[in-house]
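Structure at a glance
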Amino acid sequence: MRAAGLRRRSTAVRRWLEHHALSLTAIATAGVLAVMLYLPVGVVFVNAAFDDGVATLAFFREVLTDPFYVGVLADLFAEPLAVRAHLESLLGWLAAVSVSISLEYPIPGVPLPIPWPSLETPGIRTGLFGFTAYQAALSTVASVALGLPAAYILAKYEFRGRRTLRSLTILPFVLPGIMVAVGFYAMFGRTGTLNQLLGIAGLGPYPFIEWNPLAIVIVAHAFYNAPLVARVTVAAWESVDVRTVETARSLGASPRRAFRDVVVPQLLPAVLTGALLTFIFTFMTFPIVLALGGLQLATVEVWIYDRVRRLAYSEAATLAVLETVLSLGLTYAYLRYESAQSGLARGATSPSRTPLFPDLRTALSPRRVAIVGYGILTLVVFVGPMASLVVGGVTDGSGFTTRHYAFLLERQLEGADYQTLPLVAIRNSLLFGLATLVVAVPMGIVVSVVTVRADRGGAIVDTLAMLPLAVSGVVFGIGLLQGLVFGIPLPGGWRIQVTGAVAIVAAHAVAAYPFVTRNISPLLANLDPAMVESARALGASRYRALRDVELPLVASGIVAGAAFAFAISIGEFSSTVILASGGDTYTMPVAVERYLGRRSGPAIAMGTVLLVITAASFVVVDRVGGRFEG
Amino acid sequence: MTGLSLDGVSKVYGGAGVTDGPDSGTVALEDVDITVRDGEFFTLVGPSGCGKTTTLRAIAGFEAPTEGAVRFDGREMTGVPPEERDVGVVFQSYALFPHMTVAENVGYGLRFRDPPDGATADDRVAELLDLVDLEGMGDRDPEQLSGGQQQRVALARALAPAPDLLLLDEPMSALDAQLRESLRRQVKRIQSELGITTVYVTHDQAEALAISDRVAVMNGGRVEQIGRPQEIYREPATRFVAEFVGDNNVFDAAVRSRDGEYGRAEVGGETFTVPVVDGSDRVTFCVRPGGLARSADRNRLTVRVETSEFLGETVRVNGRWNDRRIVLRLDEVPDGDELTVGFEPDDAHVVDPR
């Protein structure tokens, strides 16, 4: 009797748990987000808006009226009501702009005059924010310029390895920024592969990075974001219904005209999406600029990091708030734009592809030659840095060497506790990666489930849950540091304090789960809602329906999302470098940056190790064949 | 077995959840009263957006009514989740689980409810596959089956746990016409063999008349009429039902004189003898195409022929009279542009009597 009663009760508990599993996970997710995302961001805002517990706008005023930060806009913020004076200075500036056309001989040694328009503008002080936006804009232009031809080739031509190449466009997403930076170092640095190649021809060495660090940073940004532009554009291109083009042709449009009238309008949203995302990402750029440009090229993000290192928390928080407001605005624009575009072109017949090199004669046509030229360019930009990384790990200026790896080994064996040990970094990275997986995947799934089926409420949850995309790692890192790591006093003598590994995993999970959601949501949205309802009518609880029906059907998205989460954790640098300072919770990217401080060799070797591990998680992504139309 | 009732059920999306007033949202259902008897085959029919699917979903528990109650055998079901309602649902899309075999699909509900009569789950699955003529197909994947076969798997899956109610949401509309008719007969046969109370949703009024014990015609979130198919066809209660169910000719007339049950009513300058109701000087009546005959010598009207459709047994003639569309049923394609027909007063049926 007792046993039966007990069993009945335990079944009742199980039933209750099962019925509420979904809401319990949702509450847990909301809790994690509240404590680990909103609280830190809130702490940053509070730090920027309160001085010793008194609300103040003084910090903002200081920043906004300082030409160092906002350039010419400082006057405007200082005296917003002096409209007349501002207009006069604007007119004066416009009056000084001149456009001229001159004959130039751009190719040395060739007397070919080309009319060269030039725009003369009087100098303008852009300030830190202006420069950040400027380099983001240049990076966006470079990324679109480099990405669009790739989209064209992938969408229009069939060739061996096309599918592989298409899936490779996801690679930059999982490549740690610091590693890419080191790859560019290995390629363009004084002892880099480029100088070694030039050395064979008896030239150099040239200090490329010192000559024009901004150009190298922009190429590195293009390395990151051009594939993103290509990816979203190819996806749009493939969903263009070929029948719409055929209809235009039958109505009298030439192929070129049909392309302009029918295809371009359908591609434009995708290109703009890619450009907007690129701008957001490069506006918040951190590891690449930190490693390649340093403080002389400081973006807002790098400067914030520098302020934190100098313990100027209020200034850092103020800058962080301003940056977050800007990036939130951009991200909001992106989300609005994306939702306005969704739902187009469904069930379309995709256009057929022509072979890239059908025979020798067409292979020499101008178009094919241009494609080959572009191919070589992409090889240099994309394969160059990664190959240089691997090569740079085993060479120095004078040939093959194992001393970089030997340094790592020696450091591991003989290094002091306070030094950065390679194995500890690798172990930390792997452990944090796994822990991130465990936390981020359920979070991502729950957010997907909540947002995909709900209508208006879902959109709000979606926006709130996508906040991590808009809050930079550094900002988030400060929030965590000042909020949870230092501890927040609660009434009654309690304290919320989260430190060390837990804080890092939380930061990684919060950064990673949007990618889980982004991988699962499209698959989930494509499932017939009647399947869940059928399961429910057959007796399954909402949780059972999720477990038995939805999750198995979106398994590829879950695995891909998990691999993403892992890779993002492995590569995360911005918040980790803040949270790991002074402890033994540093990860591989942090170790790379620390080694970079002295000689580049060990950093390059460490970067290679990071590359191998990241590549392994990419292989998982590719094997599962998940979707990455993020 | 189970009877079912909907008592004053309303469903409003958005707004303040009220059906009228300044704060009203989108009204999907308005004061729906339906009683389905034990073992009955009951059909909800209407144009798209009429609320028939919302009604079915309220019965299944996928939608909560804003007002009113759904009762199974008098038991109020408000707040009871779908998985505890003991209903079998078949959707238009079939919603088979693609990652499960046919047998796993059919057996899914048996993970939560024991098969009836102490049978094992495997036996029950085999029995159901047998019932829908798919014996031996259990190991196939759903996508290996044709549309009609998938439909039958969905039916078997819904029936496997021996539900109290079977709910079918446009289950045939993705199939071609011939298959639809044979499946319809099979569904009807299985339903009467099992004696299971069934609610069927369709937009196809001919299907509704062919298959049902009783039909509810819905429009704009309201029930226009509930009745046996013959009643619905012969004695439509409203103008909407008259026009929605089958071909019909509806006339709005002004009553000029009365003589007992009948009166003289004028439409577009012509006067007809038709049944009238007391107390109104207007009457709306309808005459089925079959009621308009060349041989009838009362209530004559001359119709200008526009198109003829040859349907095999009969010919449907679409024409115009007095700027009104007129539909006729003839045995032969008419020669000539005009055609004079008439109707007996008793072939006119008054709708919307006020």
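Residues numbered from 1 in each chain as written. Chains lettered and ligands numbered in written order. Predicted model: local features only at pLDDT ≥ 70, side-chain atom pairs only at ≥ 80, totals over all residues. Heavy atoms only, no water.

- As recorded in an unreviewed UniProt entry, chain B goes by the name Molybdate/tungstate import ATP-binding protein WtpC, listed as coming from Natrinema salsiterrestre.
- Comment text from UniProt for chain B, heading Subcellular location (unreviewed entry), reads "Cell membrane".
- The UniProt entry for chain B carries the following text under Subunit (unreviewed entry): "The complex is composed of two ATP-binding proteins (WtpC), two transmembrane proteins (WtpB) and a solute-binding protein (WtpA)." (UniProt positions renumbered as here; feature names shortened; annotations may be inferred.)

1. With respect to helix H16 (residues 300–309) of chain A
- Of all 10 residues making up H16 of chain A, 9 are buried, and the element is well covered by its neighbours.
- Burial in H16 of chain A covers these residues: Val300, Glu301, Val302, Trp303, Ile304, Tyr305, Asp306, Arg307 and Val308 of chain A. (Buried < 20%, exposed > 50% of the residue type's maximum accessible area, 1.4 Å probe, protein only. Helix = DSSP H or I, 4+ residues; strand = E, 2+ residues; numbered from the N terminus.)

2. Focus: the confidence of the model for chain A
Residue and element names in this part refer to chain A.
- Scored by pLDDT, chain A comes out at a mean of 78, with 86% of its residues at no less than 70.
- The low-confidence segment residues 343–347, where pLDDT is below 50, has 3 contacts with residues more than four positions distant or belonging to other chains.
- When the criterion is pLDDT under 50, residues 626–630 qualifies, and its contacts beyond four places in sequence or with other chains add up to 19 contacts. (pLDDT = per-residue confidence, 0-100. Contact = heavy atoms within 4.5 Å.)

3. Thoughts on the side chain of arginine 536 of chain A
- Residue placement: arginine 536 of chain A occurs in helix H26 (residues 529–537).
- If sequence neighbours within four positions are ignored, arginine 536 of chain A has contacts with Ser541, Arg542 and Ala545 of chain A together with Phe62, Pro81, Pro82 and Glu83 of chain B.

4. A short note on the sheet that holds strand S18 (residues 338–341) of chain B
Residues and elements named next belong to chain B.
- The strand order S17-S16-S15-S18 describes an open sheet built from 4 strands, whose pairing is antiparallel. Bordering the open sheet on either side are strand S17 (324–330) and S18, each of which pairs with just one other strand. Between one strand and the next, the sheet's axes are offset by a mean angle of 45°, whatever the strand orientation.
- Pairing between strand S15 (residues 301–310) and strand S16 (residues 315–321): 6 bridges, direction antiparallel. (Pairing = 2+ DSSP bridges. Axes fitted to C-alpha atoms, helices over the stretch in contact; angles between N-to-C directions.)

5. A look at the environment of lysine 11 of chain B
Residues and elements named next belong to chain B.
- Along the chain, lysine 11 turns up in strand S1 (residues 4–13).
- Accessibility expressed as a relative area gives 12% for lysine 11, which makes it buried.
- For the pair lysine 11 and alanine 64, spaced 53 residues apart in the sequence, the C-alpha separation amounts to 7.7 Å.
- Apart from the residues lying within four places of it in its own chain, the contact partners of lysine 11 are Thr26, Val27, Ala28, Leu29, Thr54, Glu63, Ala64, Pro65 and Thr66.

6. Some thoughts on the interface of chain A and chain B
- Contact residues are listed per partner, giving 21 residues for chain A and 25 residues for chain B.
- With both chains or domains summed, chain A and chain B bury close to 1800 Å², and 61% of this area falls on carbon and sulfur atoms.
- Broken down residue by residue, the surface that chain A buries against chain B is led by Glu533, Ala537 and Leu538 of chain A, which jointly contribute 34%.
- Counting every contact that joins chain A to chain B gives 3 salt bridges. (Buried area = accessible area lost by both parts, 1.4 Å probe. Salt bridge = Lys/Arg side-chain N within 4 Å of Asp/Glu carboxyl O.)

7. Observations concerning the packing of helix H9 (residues 177–188) of chain A against helix H10 (residues 193–200) of chain A
All names here are of chain A.
- Close contact between H9 and H10 brings their axes to 4 Å; oriented N to C, the two are set at 15°. When the axis of H9 is compared with that of H10, the two are roughly parallel. Residues Ala186, Met187 and Phe188 of H9 lie in contact with H10, whose contacting residues are Thr193, Leu194 and Asn195.
- Its residues placed into classes, the contact of H9 with H10 shows 4 nonpolar, 2 polar and no charged. (Parallel < 35°, antiparallel > 145°, perpendicular 65-115°, else oblique. Nonpolar A, V, L, I, M, F, W, Y, C, P; charged D, E, K, R; others polar.)

8. Focus: the packing of helix H24 (residues 473–485) of chain A against helix H25 (residues 500–526) of chain A
All names here are of chain A.
- It is at 11 Å that the axes of H24 and H25 come closest, and there the two elements cross at 140°. Relative to H25, the element H24 lies oblique. Our pair here, H24 against H25, has a crossing hand that is right-handed. The residues of H25 that touch H24, namely those facing Phe476, Leu480 and Val485, are Ala503, Ala507 and Val510.
- Across the contact of H24 with H25, the residue classes break down as 6 nonpolar, no polar and no charged. (Left-handed = near helix turned anticlockwise from the far one by under 90°.)

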